[in-house]
Amino acid sequence: SKLYHVQKDNFYGQISSLVWRDGWNQDPLKMPVATLDSMRTKAAVLFPHNIMSDSPTQPLVIPEDVRFGPFAGQLLVGEMDHPRIMRVMLEKVNGQFQGACTTFLDSAGLTIGNHRMVFGPDGSLWVGKSAYVWVGDQGIQRIRYNGGMPMDVLSMNVTPQGFELTFTRPVNSNLAEKATNYQFSRYYYEYRQEYGSPRMDEQLVAVEEVQISEDGKKLSIVLEDMVPGYVYDLQIDSLSSTEGVILQNRRLFYTLNNLPTTNTISKR
């Protein structure tokens, strides 16, 4: 499952669409998969199957003018199969969107079939359910911000040597400075004719260094190497704020299409 930045004339991997191109004169079903793969625009964000999302639904921007916690401007994405709403953190690297995803709400009274979402005038998030043959639910649920500040990853941004994590609260430095607290793996998904793909070339990536900012809200993590074309899967073992509030989401997934050089990143 994936999130695309859709632009005119791009090919996103659905081969039947090619026959509508001006001057197209061949059967795309007979073309080599490698050729089709070389033509397609890569997804901005991948949602790992059986881990993050099996059937993502509507993306919705958290409005800047609605008080709904600290995540204004980021994307919420619904999920049919699980009682979950996901959060997407985008940035532009070398002029192309890419970024990370994590959970926004997981269970906590939410049911499955989360198909359509809209913010009401009072800032509440309304979630409409749909029921299909294989999965889903019926009804509408309302989600309201209670005014508290969660302990969570506000953003995950790529650097030439690794990643920068920004938190909603200052982190406990005794926990945050331990490199063993951060388990990175990477893998890619194969573009092919069969339905879906297993995680390919899955391997661990060692953490070499962790640095904490003066205000305690940013962590710079240096990895042994950075390879574009992979999903970087981060699991955080133990982390809390300086007040002892436990980190809410400990797993994040960053889709690394482009590795930045200096001044090639614009945060969203």
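The rules behind the values
- Residues numbered from 1 in each chain as written.
- Predicted model: local features only at pLDDT ≥ 70, side-chain atom pairs only at ≥ 80, totals over all residues.
- Heavy atoms only, no water.
- Helix = DSSP H or I, 4+ residues; strand = E, 2+ residues; numbered from the N terminus.
- Buried < 20%, exposed > 50% of the residue type's maximum accessible area, 1.4 Å probe, protein only.
- Contact = heavy atoms within 4.5 Å.
- Patch = residues over 30% accessible without salt bridge, like charges linked within 9 Å, V, L, I, M, F, W, Y side chains within 5 Å.
- Areas by Shrake-Rupley, 256 points an atom, 1.4 Å probe, with all protein chains shown as cover.
- Salt bridge = Lys/Arg side-chain N within 4 Å of Asp/Glu carboxyl O.
- Polar contact = N/O pair within 3.5 Å; in protein donor to acceptor, adjacent residues only side chain to side chain.

Engineer: Residue-level account of unusual backbone geometry, with values.
Structural biologist: For N50, which is not glycine, the phi torsion reads 65° and is therefore positive. By the secondary structure assignment, N50 is in the loop between strand 2 (45-46) and strand 3 (56-61). Judged by relative accessible area, N50 falls into the exposed class, the value being 62%. Phi at N94 is positive, roughly 55°, even though this residue is not glycine.

Engineer: Requested: an account of the environment of E208, with residues and values cited.
Structural biologist: Turning to its location among the elements, E208 is positioned in strand 14 (residues 207-212). Residue classification places E208 among the exposed residues on the basis of a relative accessible area of 55%. Distance in space between the C-alpha atoms of E208 and T180 is 9.8 Å, their sequence separation being 28 residues. Aside from chain neighbours lying at most four places away, what touches E208 is V222, L223 and E224.

Engineer: If you had to explain a nonpolar patch on the surface to someone new, which residues and values would you point to?
Structural biologist: Taken together, the side chains of V118, W126 and I140 make up a nonpolar region of the molecular surface, amounting to roughly 310 Å² of accessible area. Along the chain, I140 turns up in strand 9 (residues 140-143).

Engineer: An account of the side chain of N114 is requested, with residue identities and associated values reported.
Structural biologist: Structurally, the position occupied by N114 is in strand 7 (residues 114-119). You can call N114 buried: its relative accessible area is 0%. Only 2.9 Å separates the side chain of N114 from the backbone oxygen of T111, close enough to count as a polar contact. Side-chain polar atoms of N114 contact the side chain of K129, separated by 2.4 Å.

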